[in-house]
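Reading the structure
Read off the chains here:
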Amino acid sequence: MIAVLMGGNSAEREVSLVSGEAVYQSLIRQEIECFKFDWKGDNLAKLWDETFDLAFIILHGRGGEDGYIQMQLEKRNIAYTGSNSQSSAIGMNKHLSKKIWQNSELPLASSILVDRKDIVPDINFALPWAVKPVCEGSSIGISKVAQIQDLGQALELAWQYDDQVLVEQWVEGDEYTVAILGDKALSVIKIVSDQDFYNYDSKYHSNTTQYLCPCGLSSSQELHIQALALKAFDSIGAHGWGRIDFIVDKKNKPYLLEINTVPGMTSHSLVPMAAKANEISFDQLIKCIINEI
């Protein structure tokens, strides 16, 4: 019996519910015994009253992607999909994951951590900047700062979601993403948004965002980005499945943006798109994720 864990109480709750429903319907189509569980942050006791062998985690953001739910399942020796609690916690934290990637000599834009309790430090890299909550997903709370006087407003927005904020040098270029399934990097997807960046609206609501696969890179460039994605995934100990996002600048140099250890499974989601490009159906993708445990 599989429990599809969905919902959560993060800013990504609505997306998780849609993703979870897609996973649940796939399992039903494949005649795999399962049930949906809408975790709301305070009702885990009800989950432990159920009998199940495996949790399919499709909780995005805090609580579901940061190691919390993984740790609760580990305490009870219940198997689950995706990365373990430690790797999930690292992956959710943009500052921690960047430190590990830096130690692994992976390509990164300059950045600095700003804590709500501290004085904003001097930023010694050029504008524009991306201002991001350290532990948030789906581009929630992110701003592009083109002028120094706009930094305060951007920090206030980010601080609504997290006490720690990453100020990162903005890299002008094209955005790409690499889905990871097991030990394989799937086809690279290029994301073309008519927004300043691939924000929440572009991801989940816009019908003008384009996803290009083939992505337009040369074979050698695509292989290079896939190799970087696998190295980034492995360096934080991620497991099973996930997604690594990149920016490629005007000189064709790639920069890592972030890792998603529980990516979306909606109609706009990138992992199912990449799987389809590799002739893996949605149902096959779900079974692969389960088999990676």
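Refer to the preceding data block for the structure.
Report follows, based on the coordinates. (Residues numbered from 1 in each chain as written. Predicted model: local features only at pLDDT ≥ 70, side-chain atom pairs only at ≥ 80, totals over all residues. Heavy atoms only, no water.)

Topic: the sheet that holds strand β1 (residues 2-7)
The sheet built from four strands is open, its strands ordered β2-β1-β3-β4 with parallel pairing. Each edge of the sheet is formed by a strand with only one pairing partner; in this case those strands are β2 (34-39) and β4 (79-80). Of the strand pairs in this sheet, β1 and strand β3 (residues 54-57) are connected by four bridges, and their pairing is parallel. Note that in β3 the partner of I2 across the bridge is L54. Relative to the sheet, helix α1 (residues 13-29) contacts β1, β2 and β3, its axis offset from that of β1 by approximately 155 degrees. Across the face of the sheet, helix α3 (residues 68-75) comes into contact with β1, β2, β3 and β4 while running at roughly 175 degrees to β3. (Pairing = 2+ DSSP bridges. Helix = DSSP H or I, 4+ residues; strand = E, 2+ residues; numbered from the N terminus. Contact = heavy atoms within 4.5 Å. Axes fitted to C-alpha atoms, helices over the stretch in contact; angles between N-to-C directions.)

Remarks on empty space enclosed by the protein
Enumeration over the complete set of coordinates arrives at two cavities of 30 Å³ or more. In this model, the second largest cavity occupies a volume close to 40 Å³. If you trace the second largest cavity, you find it lined by I57, Q70, T81, G82, S83, S88, W241, T261 and V262. Taken together, the residues of the lining of the second largest cavity sort by class into three nonpolar, six polar and no charged. (1 Å grid on protein atoms, 1.4 Å probe; cavity = no way out; pocket = protein on both sides within 12 Å on 5 of 7 lines; lining within 4 Å. Points joined across faces, edges and corners; volume = space filled by probe spheres on them. Nonpolar A, V, L, I, M, F, W, Y, C, P; charged D, E, K, R; others polar.)

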